[in-house]
Every structure is written in structure tokens, then in C-alpha cells.
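Spelled out from the first residue to the last, the chains are:
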Amino acid sequence: MTLLLDEVALATARLAEAGVDSPRADAEIIAAHVHNVKRGELHTVKDSDFDARFWVDIGRRENREPLQHITGRAYFRYLELDVGAGVFVPRPETEVMTGWAIDRLREMDVAEPVAVDLGTGSGAIALSIAQEVPRASVHAVEGDPLARAWAERNITRYVDSYTAGRVLLHAGDFVSGDPATGLKELVGLAGRVDLVLSNPPYIPLGSIVPPEVGEYDPPAALWSGADGLAAVRAVECVARWLLRPGGLVAVEHGAPQGTAVFWVFSEEAGWRDTTNHKDLAGRDRFVTASNGGDLPGFSSPVAGWMKSG
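This report concerns the structure included in the present document. (Residues numbered from 1 in each chain as written. Predicted model: local features only at pLDDT ≥ 70, side-chain atom pairs only at ≥ 80, totals over all residues. Heavy atoms only, no water.)

So, on to the pattern of salt bridges. Overall, the coordinates contain 24 salt bridges when judged by the stated rule. Notably, a salt bridge pairs glutamate 28 with arginine 24, separated by 2.9 Å at the nearest N-O pair. With a gap of 4 residues between them, glutamate 28 and arginine 24 both fall in helix α2 (residues 23-35), about one helical turn apart. Here arginine 77 makes a salt bridge to glutamate 132, at a shortest N to O gap of 2.8 Å. Of the two residues, arginine 77 sits in the loop between β1 (73-76) and β2 (79-82) while glutamate 132 sits in helix α6 (residues 124-132), which places them 55 residues apart along the sequence. The exposure class of arginine 77 is partly exposed, given its relative accessible area of 29%. Connected via shared salt-bridge partners are Arg73, Glu80, Asp82, Arg153 and Arg157. (Salt bridge = Lys/Arg side-chain N within 4 Å of Asp/Glu carboxyl O. Helix = DSSP H or I, 4+ residues; strand = E, 2+ residues; numbered from the N terminus. Buried < 20%, exposed > 50% of the residue type's maximum accessible area, 1.4 Å probe, protein only.)

Next up, the structure:
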């Protein structure tokens, strides 16, 4: 056994005692990051090359700083993203909803489909769509300046390889209810969008969350009113405003919220084919619906938004 592997074993015990869910994996990933090798190559690191920064980063993880903040990287579908303080770390659960959206866009009889990602954060959803649906254009909306800077960084990183200007980043607050100030850059898209999707904040105020979430993820990406559904309701209103007849919406939610979110997208509001979908663990994770084209109270995109928001 090498010195590094011995140290990884000690670090694993420390992380387990600190309550980290995957102590061995995290210790190995940190070791690989610090020593600039693949996780499966840790045994090749010479004892003389051991880097004491390993224990600095283990200390950060022991204090429950997210692993992705320590390495500066998050992986989402086929992407490697830059993340850090000020941006929500994308979760594997969201990959399932994003895959559903990608499949639907590929099936559409539309030459150049248009999608809108509300609350893009790191840009994970928007960039995945652009990567996997080469004809699509994606409008990524983010209201938080810190998070928007991370999205811009990631979009710029991939612009020469495949996005080629097809991911457009907008400063906008989709929860505000006022298109004149919140989503003014999207006014020209009203009634023309093929798909709207969002991983909005959906945690009820006062809920207990892990330190990695409560102490490091941006509050605006977590909390959403007493029942956690304030932002989901805002997504529903924005989607009615943006979607063409037959256009689709997908919104992520917490595992216990499936039934409540289902009824947010009701037939009375003009939605059709509302469906609950499960994540890989078999838990309710996102709801989808289609715009039936009959939108009560929406005499015009902006007026309708103002009336319903």
C-alpha cells in the first residue's frame, strides 16, 4: 500500500465520522484532484509526490463544504461544468428531466426548436440541450448575478465546440410576476416557445437540509414559500405566457410534492396531458404538461402575464 492510499483510508474514517454520505468516494476524488491523476490511478502516485494539500481539502469536506466546490467541477450528463460559491450545484436527479426534454425536442416536427430554461444556475440544463439537440436554441434565464457569472463562464467554455451561439443567457427574474422588469428580454418569444423547463427552488421555508445545501447553495435556489411551490407556480404562469399551442413544460420538484405540482398544471388553466415522472430512485421528481392552446385570461402575452402573475 502506498502512502497516498494509507492517507485516503484515514481520510475516509474522518469523513464518515463527520457524516459525509460517501466518505470513501469523496476521499478518493479529492486525492485524485489534488494529485492530478484519475481516481483509478491513485496507486501510481509515489510516496515522494504526496501533496499535503490533500488534508487541507479533506478538512474542507469534513466541514461539509460540497465536494464540487472543492474540486471546482460538477458533472452533468455529458458535461463538465465549473461551479463554486454562489451557484447551485447540479444534481443527478435533474438529469432525468433534462433527458426527457431532450427526447421530446428531438421528436418535434420543428426545424429549429426553441427552449427556455428558467433559473439556469450553472447552465447545466441549457448546455445539455444545446449539446444533444444540435438544431435547438436555448434561452437561459438567471436572476442572481453570482450564479449568472458561472453560467456565462460555462457557456463561454463550450461556445467554440458545439453551442455556437445557440445558448443565449438572459438576466431575468421569472418569479417577479412583472415582464416589464423580470423577463423583458423574452417578450418577443411569447407564444412561440416549444419547450419550457425549470429546476426551480422548491424547499418549504423552515425545512431542515444538509449543511452542504443550507450553508453553501444560494438561498434563492432553495427556498420557495411556506409550501415550497411559489416558484413552481411562477413557472406555470411563465410557461403559459411563452409556449405555443402544443408546446411542452417540465418542472422539477421535491419527492413529496408530486401530487401538488400535478394540480398546478390543471386543465382549467389550459394544460393537457399533465403527467408525473419519477427519478432513478423511483421517487416523484418532475411534472410535464402540454399547452392546450386555450389559455383563459391571456388576451395578449404581456397582459395575460400581468393578470395571472
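With that settled, the discussion passes to the packing of α2 against helix α3 (residues 53-62). Where α2 meets α3, the closest approach of the two axes is 9 Å, and the angle between their N-to-C directions is 140 degrees. The angle between α2 and α3 falls in the class oblique. Considering the relative orientation of α2 and α3, their crossing is right-handed. Side by side, α2 and α3 meet where Asp26, Ala27, Ile30, Ala31, His33, Val34 and His35 of the first sit next to Arg53, Phe54, Asp57, Ile58 and Arg61 of the second. A class-by-class count of the residues in the contact of α2 with α3 yields 6 nonpolar, 2 polar and 4 charged. (Axes fitted to C-alpha atoms, helices over the stretch in contact; angles between N-to-C directions. Parallel < 35°, antiparallel > 145°, perpendicular 65-115°, else oblique. Left-handed = near helix turned anticlockwise from the far one by under 90°. Contact = heavy atoms within 4.5 Å. Nonpolar A, V, L, I, M, F, W, Y, C, P; charged D, E, K, R; others polar.)

To continue, consider the packing of aromatic side chains. Tallied over the entire structure, the rule returns 5 aromatic pairs. Here phenylalanine 50 and phenylalanine 54 contribute two aromatic rings whose centre-to-centre distance is 6.2 Å and whose plane-to-plane angle is 70 degrees, an arrangement assigned as edge-to-face. Residue classification places phenylalanine 50 among the partly exposed positions, given a relative accessible area of 21%. Considering the side-chain rings of phenylalanine 54 and tryptophan 55, the 5.3 Å spacing of their centres and the 70 degrees angle between planes classify their relative orientation as edge-to-face. Judged by relative accessible area, tryptophan 55 falls into the partly exposed class, the value being 22%. Taken together through their ring pairs, the aromatic side chains of Phe50, Phe54 and Trp55 make up a single cluster. (Phe/Tyr/Trp six-rings, centres within 6.5 Å; stacked < 30°, edge-to-face > 60°.)

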